[in-house]
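Residues per chain are reported as follows:
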Amino acid sequence: MTIHHAPADYHPPRDLLHGKTLLVTGAGDGIGRAAALSYAQHGATVILLGRTASKLEAVYDEIETMGGPQPGMAELDLAAATPENCITLAAGLESEFGHIDGLLHNASVLGERRPIESANYAAWQEVMQVNVNAQFLLTRYLLPLLQAAPSASIILTSSGVGRTGKAYWGAYAVSKFATEGFMQVLASELENTSKIRVNSLNPGATNTAMRRTAYPAEHPDTNPSAADIMACYLYLMGDDSRDVTGQMFAAQ
Ligand SMILES: NC(=O)c1ccc[n+]([C@@H]2O[C@H](COP(=O)([O-])OP(=O)(O)OC[C@H]3O[C@@H](n4cnc5c(N)ncnc54)[C@H](OP(=O)(O)O)[C@@H]3O)[C@@H](O)[C@H]2O)c1
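All values derive from a computational prediction rather than experimental measurement.

**A few points about the overall build of the protein**
Broken down by element type, the protein carries 7 helices and 8 strands. Whereas a compact globule of 252 residues would reach a radius of gyration of roughly 18 Å, the protein reaches 17 Å, a difference of no more than 12%. Put simply, the protein has 252 residues, and 51% of those count as buried. Long-range pairs, those at least 24 residues apart, make up 75% of the contacts in the protein with a sequence separation of at least 6. Of the accessible surface of the protein, which amounts to about 11500 Å², a share of 51% is contributed by carbon and sulfur atoms. For the protein, the distance from the average position of its 16 positive side-chain charges to the average position of its 25 negative side-chain charges is 5 Å.

**Remarks on helix α1 (residues 30-41)**
Spanning 12 residues, α1 covers 17 Å between terminal C-alpha atoms, matching the ideal 16 Å at 1.5 Å per step. Judged by how many residues are buried, α1 sits mostly within the fold: 9 of 12 residues are covered. Residues Ile31, Gly32, Ala34, Ala35, Ala36, Leu37, Ser38, Tyr39 and Ala40 constitute the buried set of α1. Contact partners of the buried residues in α1: β2 (21-25), β3 (45-50), α2 (53-65), β5 (102-105), β6 (152-157) and α7 (230-237). Glycine 43 sits one or two positions beyond α1 and adopts a positive phi of about 100°.

**Some remarks on α7**
Judged by how many residues are buried, α7 sits mostly within the fold: 7 of 8 residues are covered. Inspection of α7 places Met230, Cys232, Tyr233, Leu234, Tyr235, Leu236 and Met237 among the buried residues, and these make up the whole buried set. Residues of α7 that are buried in the fold lie against β2, α1, β5, β6, β7 (196-202) and β8 (248-250).

**A few points about the site of the ligand**
Taken together, 31 residues surround the ligand, and among them Thr52, Lys55, Asn106, Tyr172 and Thr208 come closest. Within the side chain of arginine 51, a nitrogen or oxygen atom sits 2.8 Å from an oxygen atom of the ligand. In this structure, lysine 55 approaches the ligand through a side-chain N or O atom, which is 2.7 Å from an oxygen atom. Within the complex, the protein chains bury 93% of what would otherwise be the 900 Å² of accessible surface of the ligand. Where the shell around the ligand is concerned, the elements lending two or more residues are α1, α5 (170-190) and α6 (209-214). Ranked by residues supplied to the shell around the ligand, first place goes to α6 with 3 residues.

The rules behind each value
Residues numbered from 1 in each chain as written. Predicted model: local features only at pLDDT ≥ 70, side-chain atom pairs only at ≥ 80, totals over all residues. Heavy atoms only, no water. Helix = DSSP H or I, 4+ residues; strand = E, 2+ residues; numbered from the N terminus. Rg over C-alpha atoms; globule rule 2.2 N^0.38 Å. Buried < 20%, exposed > 50% of the residue type's maximum accessible area, 1.4 Å probe, protein only. Contact = heavy atoms within 4.5 Å. Areas by Shrake-Rupley, 256 points an atom, 1.4 Å probe, with all protein chains shown as cover. Lys, Arg positive; Asp, Glu negative; His and termini not counted. Charge placed at Lys NZ, Arg CZ, Asp CG, Glu CD. Expected span 1.5 Å × (residues − 1). Near = heavy atom within 4 Å. Polar contact = N/O pair within 3.5 Å; in protein donor to acceptor, adjacent residues only side chain to side chain.

Note that every value here comes from positions in space, so none of it alone points to a role or purpose.
The following block contains the structure:
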């Protein structure tokens, strides 16, 4: 298993993403929020997708305050997302933007941390719905918009436990293995026939609500903030990674 990183000391130009329209899921908090802000800082029009309108509005306002391109907002609960929701979203984006240049699948839920033998089926299904099924649905219906771009990038968010399984990580770990599999299948399908690259990215331990829930005894300052780990998120979204596909990346 080869894990790649952004080039050492990667310092993208401020206009790296100028003219690009990017969709970020889970853009209201944590790593997705940091990615949305960082992409906007680098010139992108960012469509903020998430389930909590107030959080999306706060990120929207931050982007406006910093003078970034006016973002878009898509309120969608991925736990309940249907093909119809994704078709409607794609139609709206097509009429407003024509195409999209990138898709960061970031939203996920942690689910239960417990042994398989006592796992709850409803909790298992919710993790699979948000982390795997909704990711498939969005990709499935946004692909034509990505295909319409001069070149496009899909980033799928993985995890250490999606590359090596670990006790008590249950559905979350399995969902991240599925994410790696989805990345490989899609990258292989699109290779040579499309300008869309597809890679997976493990952010590594990062100080967010999810990390604090997973490791309640850990001091939050042990880990970098989401804003500190953006180099690889920028590298994979910008044209510097234009020829890179089907690879596993780590942000740290
Ligand atoms: N933090 C880490 O140490 C770490 C390590 C490895 C991998 N990751 C991965 O990195 C990604 C981001 O994690 P994070 O740490 O930033 O997590 P987080 O702080 O919990 O943020 C998760 C984001 O996903 C959104 N979300 C959750 N369920 C959703 C749903 N049903 N519909 C729409 N949006 C939903 C959340 O929205 P609300 O805020 O509205 O709930 C939030 O914006 C995840 O894929 C995670 O698995 C994180």
